[in-house]
Amino acid sequence: MGIGKMRKHKEMLQHSVLRHHLPETHWLTNKKALKLLKSHSTIYIKPNHGSGGSGIIRAKKLTCGYEIRRGRYVSYVGASSVYKEIQYYQKASKCYLVQRGIKLATYKGSIFDIRIYMQKPKRDWVISGIVARVAAPNLFVTNYQKGGYGVPLDKVLWKLFKDREKVKRTRKKIKNLSYLIARTMSKHHSFREMGIDLGIEKSGRIWIIEVNSKPGHMLFTRLSDKSSLRKIKENKRLIRRDRLRR
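Residues numbered from 1 in each chain as written. Predicted model: local features only at pLDDT ≥ 70, side-chain atom pairs only at ≥ 80, totals over all residues. Heavy atoms only, no water.

- Per an unreviewed UniProt entry, the recorded name for the protein is Endospore coat-associated protein YheD, and the organism is Brevibacillus laterosporus LMG 15441.

Structure, rendered in structure tokens:
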């Protein structure tokens, strides 16, 4: 079993800069879920071990009651039944986290986040690929396995800001934050590859959604520009060769 989301969250939480980019996250309990829903309109319940967006539950505060959604399944309940309904969608064999919702910016009516594919072919981390992941219509997860698709980052940022300087500054912030995350995680683990998922609000504020130590690269196969895909594959080859030598 891989390293859980909570462990990685706590490791990043120790860094004074990364701490400001991490959404409030706790182990799921009735008390924690309801407390977060009082201060935030949306919360996400995630399996501690999981990938591809599977098993994520969203609880959203409405004018009257709450909407609980997992994938395309949705139900509406009152405050007293929120936690019971969340449990209905859970798998008994898994541990879950509860995380405050982020008001992700949208592209053509769907939310998007940013996947940074980082690799360490030699001594230093490099960004091999960076792409915006746009969710399929009416879904709240952007993962490729759930119908998400890739769009060049600059194209999405331009649509969001309509300001070339802000696009440039945001791209630089994303890269700097990614390198900082990679260096921080390297203090605790011997990762050679890392998929970093960042969320961005309409205001430009950047959040760390997740760090995946076994990232997939299928998203990059669907881009018309294959330069990132070639770089990812070449660095994978270098990593394998380096491991064989040891």
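From this point on, the discussion continues.
## What about the overall build of the protein?
Phase 1 of the analysis: Counting secondary structure elements, the protein contains seven helices and 12 strands.
Phase 2 of the analysis: The C-alpha radius of gyration of the protein comes to 18 Å, within 12% of the 18 Å expected for a compact globule of 246 residues.
Phase 3 of the analysis: Counting only C-alpha atoms, the protein reaches 55 × 45 × 35 Å along its principal axes.
Phase 4 of the analysis: Taken over 246 residues, the protein has a buried fraction of 51%.
Phase 5 of the analysis: Restricting to contacts in the protein with at least 6 residues of sequence separation, those with at least 24 account for 60%.
Phase 6 of the analysis: Of the roughly 13500 Å² of accessible surface on the protein, 50% is carried by carbon and sulfur atoms.
Phase 7 of the analysis: Once the 57 positive and 16 negative side-chain charges of the protein are each reduced to a mean point, those two points are 2 Å apart. (Helix = DSSP H or I, 4+ residues; strand = E, 2+ residues; numbered from the N terminus. Rg over C-alpha atoms; globule rule 2.2 N^0.38 Å. Buried < 20%, exposed > 50% of the residue type's maximum accessible area, 1.4 Å probe, protein only. Contact = heavy atoms within 4.5 Å. Areas by Shrake-Rupley, 256 points an atom, 1.4 Å probe, with all protein chains shown as cover. Lys, Arg positive; Asp, Glu negative; His and termini not counted. Charge placed at Lys NZ, Arg CZ, Asp CG, Glu CD.)

## Quick look at the pattern of salt bridges
Phase 1 of the analysis: Using the criterion set out here, one finds 11 salt bridges in the structure.
Phase 2 of the analysis: In this structure, the salt-bridge partner of aspartate 154 is arginine 171, at a minimum N-O distance of 2.9 Å. With a gap of 17 residues between them, aspartate 154 in helix H4 (residues 153-161) and arginine 171 in helix H5 (residues 164-186) connect regions that are remote in the sequence.
Phase 3 of the analysis: Of the charged contacts, one joins aspartate 242 and arginine 192 as a salt bridge, the two residues approaching to 3.1 Å between their closest N and O atoms. Here the residue aspartate 242 occupies a position in helix H7 (residues 227-245), and arginine 192 occupies one in the loop between H5 and strand E11 (193-200), the gap between them amounting to 50 residues.
Phase 4 of the analysis: Under the relative-accessibility criterion, aspartate 242 is labelled partly exposed at 22%. (Salt bridge = Lys/Arg side-chain N within 4 Å of Asp/Glu carboxyl O.)

## A word on H4
Phase 1 of the analysis: Residues Leu153, Val156, Leu157, Leu160 and Phe161 constitute the buried set of H4. Along H4, the residues classed as buried sweep out an arc of 115° about the axis, all on the same side.
Phase 2 of the analysis: Looking at the buried residues of H4, the elements they touch are strand E7 (106-107), strand E8 (110-119), strand E9 (126-134), strand E10 (149-151), H5 and E11.
Phase 3 of the analysis: Count one or two residues on from H4 and you reach lysine 162, which has phi positive near 55°. (Arc of directions from axis to C-beta.)

## A word on the nonpolar core
Phase 1 of the analysis: One finds Phe112, Ile116, Ile181, Met194, Leu198 and Ile200 to be the most contacted residues of the largest nonpolar core, which totals 35 residues.
Phase 2 of the analysis: Those elements that place two or more of their residues in this core are E8, E9, H4, H5, E11 and strand E12 (206-212).
Phase 3 of the analysis: If near-sequence neighbours (up to four positions away) are discounted, methionine 194 is found in contact with Ile116, Tyr117, Met118, Trp125, Ile181, Ala182, Met185, Val211, Asn212 and Pro215.
Phase 4 of the analysis: Counting residues in each nonpolar core, the second largest holds 16 residues, with Ala33, Leu37, Ile45 and Ile68 among its members. (Core = buried A, V, L, I, M, F, W, Y, C linked by side-chain atoms within 4.5 Å.)

## Quick word on helix H3 (residues 82-89)
Phase 1 of the analysis: Turning to H3, its buried residues are Val82, Glu85, Ile86 and Tyr89. Considered in projection along H3, the buried side chains sweep an arc of 105° and stay on one side of the axis. Exposed residues pointing more than 90 degrees away from the buried face of H3 are listed as Lys84 and Tyr88.
Phase 2 of the analysis: Looking at the packing, one finds that the buried side of H3 touches helix H2 (30-39), strand E2 (42-47), strand E3 (57-61), strand E4 (66-70) and strand E5 (73-77).

## Concerning a nonpolar patch on the surface
Phase 1 of the analysis: A grouping of Leu62, Val74 and Tyr76 is seen on the molecular surface, where their side chains present a nonpolar patch of about 270 Å² in accessible area.
Phase 2 of the analysis: Positionally, tyrosine 76 belongs in strand E5. (Patch = residues over 30% accessible without salt bridge, like charges linked within 9 Å, V, L, I, M, F, W, Y side chains within 5 Å.)

## Considerations on the sheet that holds strand E6 (residues 96-100)
Phase 1 of the analysis: Strands sit in the order E1-E6-E2-E3-E4-E5 across an open sheet of six strands; the sheet is antiparallel. Looking at the sheet topology across the chains shown, the edges are occupied by strand E1 (25-27) and E5. For this sheet, the mean angle separating the axes of adjacent strands, direction not counted, is 20°.
Phase 2 of the analysis: With four bridges joining them, E2 and E3 adopt antiparallel strand pairing. For isoleucine 43, the partnering residue across the bridge sits in E3 and is alanine 59.
Phase 3 of the analysis: Here helix H1 (residues 5-13) sits on the sheet in contact with E1, E2 and E6, set at roughly 135° to E1. (Pairing = 2+ DSSP bridges. Axes fitted to C-alpha atoms, helices over the stretch in contact; angles between N-to-C directions.)

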